[in-house]
Amino acid sequence: MEIIKVKNYQKMSQVASGIILNSISKKPSLVLGLASGHTTLGLYKNLAKACKEKKADFSKIKAFNLDEHYPVKKVDKKSYNYYFFKNLFRKVNIKESSINLLNGETKNPEKECEDYEDNIRKNKIDIQILGIGENGHIAFNEPGSSRSSRTRLVNLTHIKGKALTMGVATIMQAKKIILLASGKKKAKAVRSMVKGKISKKCPASFLRNHRSLTIILDKGASSML
Ligand code: GLP
């Protein structure tokens, strides 16, 4: 586990985009796992800028998103589908056929999750980007999610509703994981992840057993370490 402490959100986003852009230049057909949320917006902005300035080429990149609300229409502004097209996919030259999103409109969530899991197994994610929830969740794996959990439909407790999410075991299959956290409100979850007991109570703690985990924290998020 490598922990990179930086001073602010901007620097956190810069370090993350630096790692990803460097990886793309080494492997143009990189398979990326992507997280939604506020934390990763700066990173996506940097990637979009690099692409616009022709410093990065997404034409061979494949993307998988981590999770999606359920049920939700793709055009709904609260869907992660909407988020990813707005904040990244429409701004880079990724091929539509290389974009893999969990479908919040599916009538058969079990099959959707099974197919997604198979697709990830076949494609092998090179870098999985993650955020962390204040209760230690990763993707929509809330406290109580097991180390062996796979892509599935879950009930959410922190907000009312359901979601489709990669499981902890699905995430752990990625060759490299980069977790970003910003702000004081994430400090407690970050401490549990890094220093607490590895357990279902803090699903992010399972990541400590990953062979290539990089955690990038700004001042607020690292304030309890
Ligand atoms: C959400 C998402 C996660 C995200 C996390 C943090 O519930 N399902 O994928 O990483 O919470 O979100 P934010 O970056 O907005 O704090």
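Analysis parameters
Residues numbered from 1 in each chain as written. Predicted model: local features only at pLDDT ≥ 70, side-chain atom pairs only at ≥ 80, totals over all residues. Heavy atoms only, no water. Helix = DSSP H or I, 4+ residues; strand = E, 2+ residues; numbered from the N terminus. Rg over C-alpha atoms; globule rule 2.2 N^0.38 Å. Buried < 20%, exposed > 50% of the residue type's maximum accessible area, 1.4 Å probe, protein only. Near = heavy atom within 4 Å. Polar contact = N/O pair within 3.5 Å; in protein donor to acceptor, adjacent residues only side chain to side chain. Nonpolar A, V, L, I, M, F, W, Y, C, P; charged D, E, K, R; others polar. Pairing = 2+ DSSP bridges. Axes fitted to C-alpha atoms, helices over the stretch in contact; angles between N-to-C directions. Phe/Tyr/Trp six-rings, centres within 6.5 Å; stacked < 30°, edge-to-face > 60°. Salt bridge = Lys/Arg side-chain N within 4 Å of Asp/Glu carboxyl O.

A. The overall build of the chain, seen in detail. What the chain contains, in helices and strands, is six helices and ten strands. For a compact globule of 225 residues, the expected C-alpha radius of gyration is about 17 Å, and the chain comes in at 16 Å, within 12% of that figure. Oriented by its inertia axes, the alpha-carbon framework of the chain measures out at about 40 × 40 × 30 Å. When each of the 225 residues of the chain is scored for burial, the buried share is 55%.

B. Quick look at the site of the ligand. Taken together, 14 residues lie near the ligand, and His-38, Thr-39, Asp-67, His-137 and Lys-186 sit nearest. Here Ala-139 contributes a backbone N or O atom positioned 3.3 Å from a nitrogen atom of the ligand. Separating an oxygen atom of the ligand from a side-chain N or O atom of Lys-186 is a distance of 2.6 Å. The residue makeup of the shell around the ligand, split by class, is five nonpolar, seven polar and two charged.

C. The arrangement of the pairing of strand β4 (residues 67-70) in detail. Of the two faces of β4, the one holding Asp-67 and His-69 and the one holding Glu-68 and Tyr-70 are both buried throughout. Two elements, β4 and strand β8 (residues 161-165), share four bridges in a ladder whose sense is antiparallel. Pairing of His-69 across the sheet is with Ala-163, part of β8.

D. Region of the structure containing the sheet that holds strand β7 (residues 152-156). Strand order in the open sheet formed by three strands is β4-β8-β7, and the pairing between neighbours is antiparallel. If you trace the sheet from one side to the other, it starts and ends with β4 and β7, each paired once. Pairwise comparison of adjacent strand axes, ignoring direction, gives a mean angle of 30° for this sheet. Taken together, the five bridges between β7 and β8 define a ladder with antiparallel strand orientation.

E. Examining the packing of aromatic side chains more closely. What the rule picks out here adds up to seven aromatic pairs. Note on Tyr-80 and Phe-140: the rings are 5.9 Å apart at their centroids and 10° apart in plane angle, and the pair reads as stacked. Taken together, the residues Tyr-80 in helix α3 (residues 80-87) and Phe-140 in the loop between β6 (127-130) and β7 connect sequence positions 60 residues apart. A relative accessible area of 15% places Tyr-80 in the buried class. Exposure remark for Phe-140: the relative accessible area of 3% places this residue in the buried category. Taken together, the aromatic side chains of Tyr-44, Tyr-83, Phe-84, Phe-85 and Phe-89 make up a single cluster linked through ring pairs.

F. Highlighting the pattern of salt bridges. Enumeration over the complete set of coordinates arrives at eight salt bridges. The salt bridge involving Asp-126 is made with Lys-27; its shortest N-O contact spans 3.0 Å. In this pair, Asp-126 is assigned in the loop between α4 (109-123) and β6 and Lys-27 in the loop between α1 (9-26) and β2 (31-34), connecting sequence segments 99 residues apart. For Asp-126, a relative accessible area of 7% puts it in the buried group. With its nearest N and O atoms 2.9 Å apart, the salt bridge here joins Asp-126 to Lys-175. Of this pair, Asp-126 sits in the loop between α4 and β6 while Lys-175 sits in the loop between α5 (168-172) and β9 (176-181), placing them 49 residues apart in sequence. According to the relative accessible area criterion, Lys-175 is partly exposed, its value standing at 34%.

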